[in-house]
Amino acid sequence: MKGFEFDFLKITITDVVDVVLVAVLIYYVYNLIRNTLAVNLLLGMFIVLILWFVVDSLKMELLSTIINKFMNVGIIALLIIFQPEIRRFLLLIGKNAFLQKNKAWWGYLFGRKDIERNNLARIKPIIDACKSMKKTRTGALIVIVKFYDEQFFANSCEAVNARISKRLLEAIFQKNSPLHDGAVVISENKIKSASCILPLTDNDQLPPQFGLRHRAGIGVSETTDAVAVIVSEETGEISYAKQGRVRMNVSFGELEKLLNKDF
Ligand SMILES: Nc1ncnc2c1ncn2[C@@H]1O[C@H](COP(=O)(O)OP(=O)(O)OP(=O)(O)O)[C@@H](O)[C@H]1O
């Protein structure tokens, strides 16, 4: 008994690391699914789990067997249901970790000011294009990805592979342009493709004025590491989608800050 109490109270460094890692994992998972449909799915699964325990402890054989069978395929169902979140999570810990490490080295070697100046040079054409498209009420969807997944984008896009420029972005989204329908995808400092058809979000909590353009921007940010800048054709309002969540009526100052952080 004494041994048990001693064991119970013994906390090793590994235990602390274990708890911290689990806390970090929960934080990341929470951040990934916060305000997305995945929360409802998770809640649904949690309710089924509670029901299973209740039914099992009340020895209700038939219902228990049915839920048991359902739970047996639970892992596969989880993988299918949470495929976008799992994909985003793995991209986050893989690609982002590498990029962040690089950023830190660049910061160390060349100083923060240089990074910010470099970033502004990359971001400025996008912000300038948005300013001009807001004025002319030109609808636009600009998607920025850290990791350009050829397979994901190649099938539904026209390849561009050009330097990011304000005039090119304006020309693409201009109403008479053959490429104006769909999204522009920017990655690795280039306009990689245009006229991309993206997956639409299933989120039913979005404002009613959000049509297909907004839904596509939010949808791609749910399934990939992308952020999307959306210029509304109707209102000229700028929205910013990231991880399935959307910020509406973003000012150009805010847009610069957001892109500086995410690009
Ligand atoms: N799956 C898709 N992927 C990328 N772009 C799309 C997709 N579906 C529609 N679009 C773009 O959205 C445009 C239609 O936008 P719609 O008016 O439905 O959107 P909205 O969100 O209401 O935006 P706006 O405020 O600009 O009207 C299409 O012309 C096309 O360019």
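Residues numbered from 1 in each chain as written. Predicted model: local features only at pLDDT ≥ 70, side-chain atom pairs only at ≥ 80, totals over all residues.

Undergrad: I keep staring at the overall build of the chain and nothing clicks. Help me out?
TA: When helices and strands are tallied, the chain shows 10 helices and seven strands. Residue burial in the chain is summarised as follows: out of 263 residues, 24% are buried. (Helix = DSSP H or I, 4+ residues; strand = E, 2+ residues; numbered from the N terminus. Buried ≥ 20, exposed ≤ 12 C-beta atoms within 10 Å, placed from the backbone.)

Undergrad: For this particular structure, what's the right way to read the environment of K131?
TA: Tracing the backbone through its elements, the reader meets K131 in helix α6 (residues 83–135). The class for K131 is partly exposed, based on 14 C-beta atoms found within 10 Å. Taking the C-alpha atoms as reference points, K131 and F252, separated by 121 residues in sequence, lie 7.7 Å from one another.

Undergrad: How should the UniProt feature "transmembrane region" (unreviewed entry) in the chain be read in this particular structure?
TA: Those residues carrying the UniProt feature "transmembrane region" (unreviewed entry) are residues 12–30, 36–55 and 62–82 in this numbering. Secondary structure across residues 12–30 divides into 95% helix and 0% strand, with the first and last C-alpha atoms of the span separated by 27 Å. The distance separating the terminal C-alpha atoms of residues 62–82 is 29 Å; by composition the span is 90% helix and 0% strand. (UniProt positions renumbered as here; feature names shortened; annotations may be inferred.)

Undergrad: Hey, could you run me through the pairing of strand β5 (residues 227–231) in this one?
TA: Consecutive side chains along a regular strand alternate between the two faces of the sheet. Within β5, five of the five residues are buried, leaving the element largely enclosed by the surrounding structure. Every second residue of β5 is oriented toward a common face, with V227, V229 and V231 on one face and A228 and I230 on the other, all of them buried. As paired strands, strand β1 (residues 140–144) and β5 are joined by five bridges and run antiparallel to one another. Within β5, the position partnered with I144 by the bridge is V227. Summarising the sheet, β5 and strand β6 (residues 238–242) pair through five bridges and their orientation is antiparallel. From the neighbouring strand, V227 faces β6, where its bridge partner is K242. (Pairing = 2+ DSSP bridges.)

Undergrad: Would you mind going over the site of the ligand with me for this structure?
TA: Of all residues adjacent to the ligand, which total 17 residues, the nearest are G211, L212, A216, S232 and E233. A breakdown of the residues in the shell around the ligand according to their chemical character gives eight nonpolar, five polar and four charged. (Near = placed C-beta within 6 Å. Nonpolar A, V, L, I, M, F, W, Y, C, P; charged D, E, K, R; others polar.)

Undergrad: What am I meant to see in the sheet that holds strand β3 (residues 183–187) here?
TA: Sheet strands associate in pairs through backbone hydrogen bonding, adopting either a parallel or an antiparallel arrangement. Across the sheet, seven strands lie side by side as β2-β4-β3-β1-β5-β6-β7; this open sheet has mixed pairing. Each having just a single partner strand, β2 (158–163) and β7 (245–247) make up the two edges of the open sheet. The average angle at which neighbouring strand axes cross in this sheet is 20°, direction not considered. Across the sheet, helix α10 (residues 252–262) touches β1, β5 and β6, and the angle it forms with β6 is around 25°. (Axes fitted to C-alpha atoms, helices over the stretch in contact; angles between N-to-C directions. Contact = placed C-beta atoms within 7 Å.)

Undergrad: Can you help me understand the pairing of β1 in this one?
TA: Counted residue by residue, β1 has five buried out of five residues, so it is predominantly covered. Here β1 shows no split at all, with A140, I142 and I144 on one side and L141 and V143 on the other all buried. One ladder, built from three bridges, connects β1 with β3; its direction is parallel. Among the inter-strand pairings, I142 is bridged to a residue of β3, identified as V184.

Undergrad: Looking at this structure, I do not really get the nonpolar core. What am I missing?
TA: The nonpolar side chains of soluble globular proteins are, as a tendency, buried together. Judged by nonpolar contacts, the single largest core of 40 residues is most densely connected at I126, I142, V143, V184, V185 and A228. The residues touching A228, leaving out its near neighbours within four places in the chain, are L141, I142, V143, G217, V220, S221 and A241. (Core = buried A, V, L, I, M, F, W, Y, C linked by C-beta atoms within 7 Å.)

Undergrad: Looking at this model, I keep getting lost on the environment of V246. Mind explaining?
TA: Counting through the fold element by element, V246 comes out in strand β7. You can call V246 buried: it has 23 C-beta atoms within 10 Å. Note: C-alpha distance between V246 and V227 (19 residues apart in sequence) is 9.7 Å.

Undergrad: What should I look at first to understand unusual backbone geometry in this one?
TA: Note: most peptide bonds trans; most residues except glycine with negative phi. Look at K59: it is not a glycine, yet its phi comes out positive at around 55°. A tally of 7 C-beta atoms within 10 Å means that K59 is categorised as exposed. You will see that R137, though not glycine, has its phi angle at about 50°, which is positive. Looking at where R137 falls in the secondary structure, it is placed in the loop between α6 and β1.

Undergrad: Before we go on, may I ask you to explain the environment of R215 in this structure?
TA: Relative to the elements of secondary structure, R215 occurs in helix α9 (residues 212–223). Overall, R215 belongs to the buried group, with 20 C-beta atoms counted inside 10 Å. Spatially, the C-alpha atoms of R215 and I230 are 10.0 Å apart, while their sequence positions differ by 15 residues. Discounting chain neighbours no more than four positions away, the residues touching R215 are L200, T201 and F210.

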